[in-house]
Amino acid sequence: MEELLEKLDTYRKEILGTEPDGADAAETYRIRFLGTKGIVKNLFQEIKNVPAEKKKEFGQILNEFKQLAESKYETLKDTANRQPSTANDKDWSLPGDPIPVGTRHPISLVRNRIIQIFGRLGFSVAEGPEIEDDWHNFTSLNLPEDHPARDMQDTFYVNRNPDWLLRTHTSNVQARVMEKQKPPIRIICPGRVYRNETTSARAHNFFNQCEGLYVDENVSFADLKQTLYFFVQEMFGKTVKIRFRPSYFPFTEPSAEMDITCLICGGSGCNVCKHTGWVEILGSGMVHPKVLQNFNIDPNKYTGFAFGMGMERICQLKYRVNDLRLYSQNDLRFLRQFVSAT
Ligand code: PHE
């Protein structure tokens, strides 16, 4: 019995020390320990030589040993299966492992689509700084200091210089383009803007806008209407209708807000359109003569229209997302759902 226990101990150590080494090694191990002439079988045959009073105890020890040998074999086999096979036994005709592909952010999809649609009408993309001075964000756009309309856009100012602020709209880009370029001007300005608002499902302290500007001889409100009508039809489909409501912006005169028929309920009324059947999507108007003058563009010769929309709003209507915060939380479960904006 003593001798047997010693043998068992040696085997136990051997088992515990066996490292996985491929399928062949696992098979060698199986034959050595668990085969029909293997160690486990042989040890069980030894029971008959053990004194009667020790048989039970020895039987138990043997059973535990058998379990150890078997579970080690499972491990060796599993590890061998998981190991990459060598180049020679690979079946090269099998399809490859898929490479996970990322998706674009919904705002990028909408932005690209907007650029594409206006591109077809001859608008090019213009960009400008997010930290802006007062002149380009406000004053040149007919919003002098103390103008009450400045309150419409709660502004983040930069501590180091009271003349600096985070742009509240991308109209600053229009100002910068008019400053440098003479008409004809036909641009859209997509970009991030900032407003000092408390973050909630409906408001955020930064968001994305796309504004547009067209200045040339004989540009009329009819051009504005037709351009924006073309845009929404391309963006949302041919059945969408538009309507204009008079509004006020310091940099345009006359000004109008544009609504489209609610895409969620198709115009019959729901809580997205507050049961009116219409949702507002942008502000627009004819460029104020004072603004043209500020950039030495002769208002008697040139006229222009401008518009500005929030891209999150377009996204919301297109994808039915009802919480603005989702756009900046980087939650992959949200982001993976968007494939195309066309
Ligand atoms: N700049 C305006 C805003 O941010 C939008 C707008 C642009 C309105 C151009 C009219 C003309 O709210």
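Here the residue index of a chain counts from 1 through its sequence in written order. Where totals are concerned, whole chains, interfaces and linings use all residues; where local detail is concerned, this predicted model gives features only for residues with pLDDT of at least 70, and gives and counts side-chain atom pairs only at 80 or more. Based on all heavy atoms of the structure, the side-chain values leave hydrogens and waters out of the count.

1. Notes on the site of the ligand
Right, so step 1: When at least one non-hydrogen atom of a residue lies within 4 Å of a molecule or strand, that residue is treated as near it. By nearness alone, 14 residues border the ligand, and His 169, Ser 171, Arg 195, Gln 209 and Glu 211 come closest of all.
Right, so step 2: Throughout this description, a polar contact denotes any pair of N or O atoms lying within 3.5 Å of each other; where both atoms belong to protein, one of them has to be capable of donating a hydrogen while the other can accept it, and for residues adjacent in sequence the pair is counted only when both atoms sit in side chains. One of the side-chain N or O atoms of His 169 is found 3.0 Å from a nitrogen atom in the ligand.
Right, so step 3: Residue Ser 171 places a side-chain N or O atom 3.3 Å away from a nitrogen atom belonging to the ligand.
Right, so step 4: Think of it this way: any DSSP run of H or I at least four residues long counts as a helix, any run of E at least two long counts as a strand, and we number them from the N terminus. Elements supplying a minimum of two residues to the shell around the ligand: strand S5 (206–216), strand S8 (278–287) and strand S9 (303–310).
Right, so step 5: Here the shell around the ligand takes three residues from S9, the largest share from any one element.
Right, so step 6: Grouping the constituent residues of the shell around the ligand by class yields four nonpolar, eight polar and two charged. Note on residue categories: nonpolar means Ala, Val, Leu, Ile, Met, Phe, Trp, Tyr, Cys or Pro, charged means Asp, Glu, Lys or Arg, and polar means any other residue, Gly included.

2. So, empty space enclosed by the protein
Right, so step 1: Using only the protein atoms, space was sampled on a 1 Å grid; points where a 1.4 Å probe fits but cannot get out form cavities, open sets with protein on both sides within 12 Å along at least five of seven lines form pockets, and lining residues are those with an atom within 4 Å of a point. Grid points are joined across faces, edges and corners, and a volume is the space filled by probe spheres set on the points. According to the stated counting rule, one finds one cavity of 30 Å³ or more in the structure shown.
Right, so step 2: Of the pockets and cavities examined, the largest cavity occupies roughly 60 Å³.
Right, so step 3: Lining the largest cavity, in full, are Leu 141, Gln 174, Met 178, Leu 213, Phe 251, Thr 252, Val 287, Val 291 and Ala 306.
Right, so step 4: A class-by-class count of the residues in the lining of the largest cavity yields seven nonpolar, two polar and no charged.

3. Some details on the pairing of strand S4 (residues 185–194)
Right, so step 1: Throughout, exposure labels follow a simple rule: accessible area from a 1.4 Å probe, protein chains only, divided by the maximum for the residue type, with under 20% read as buried, over 50% as exposed, and the rest as partly exposed. By the criterion of burial, S4 is predominantly enclosed, with eight of the 10 residues buried.
Right, so step 2: As defined by bridge partners, S4 adjoins S5 across 10 bridges and the pair is classed as antiparallel. Along S5, the bridge assignment pairs Pro 190 with Cys 210. Two strands are said to pair when DSSP picks up at least two bridges between them.

4. Quick notes on the sheet that holds S5
Right, so step 1: Taken together, the seven strands give an open sheet; going across it, the order is S1-S4-S5-S9-S8-S7-S6, and neighbouring strands pair in mixed fashion. Each edge of the open sheet carries a strand with a single partner, namely strand S1 (124–125) and strand S6 (242–249).
Right, so step 2: When S5 meets S9, the two strands line up antiparallel, connected through eight bridges. Residue pairing across strands places Tyr 214 opposite Phe 305, the latter belonging to S9.
Right, so step 3: We call two residues in contact whenever any of their non-hydrogen atoms come within 4.5 Å of each other. Between N-to-C directions, angles cover 0 to 180 degrees, with each direction set by a line fitted to C-alpha atoms, over the stretch in contact for helices. Against the sheet, helix H7 (residues 171–180) makes contact with S4, S5 and S9, and its axis sits at roughly 140 degrees relative to S4, the strand it touches most.
Right, so step 4: Along the sheet, helix H10 (residues 311–319) contacts S4, S5, strand S7 (252–261), S8 and S9; its crossing angle with S9, the most-contacted strand, is approximately 60 degrees.

5. Overview of the nonpolar core
Right, so step 1: By nonpolar core we mean a set of buried residues, namely Ala, Val, Leu, Ile, Met, Phe, Trp, Tyr and Cys, connected to one another through side-chain atoms within 4.5 Å. The biggest cluster of nonpolar side chains holds 42 residues, and the ones touching the most others in it are Ile 114, Phe 118, Ile 260 and Met 309.
Right, so step 2: When contributions to this core are tallied by element, the ones reaching two or more residues are helix H5 (106–120), S5, helix H8 (221–236), S7, S8, S9, H10 and helix H11 (332–335).
Right, so step 3: Every residue in contact with Phe 118, bar those within four places of it in the chain, is listed here: Phe 123, Ile 188, Thr 227, Leu 228, Phe 231, Phe 307 and Met 309.
Right, so step 4: Judged by nonpolar contacts, the second largest core, of 24 residues, contains Phe 249, Ile 297, Tyr 302 and Ala 306.

In short, shape yes, function no, at least from these values alone.
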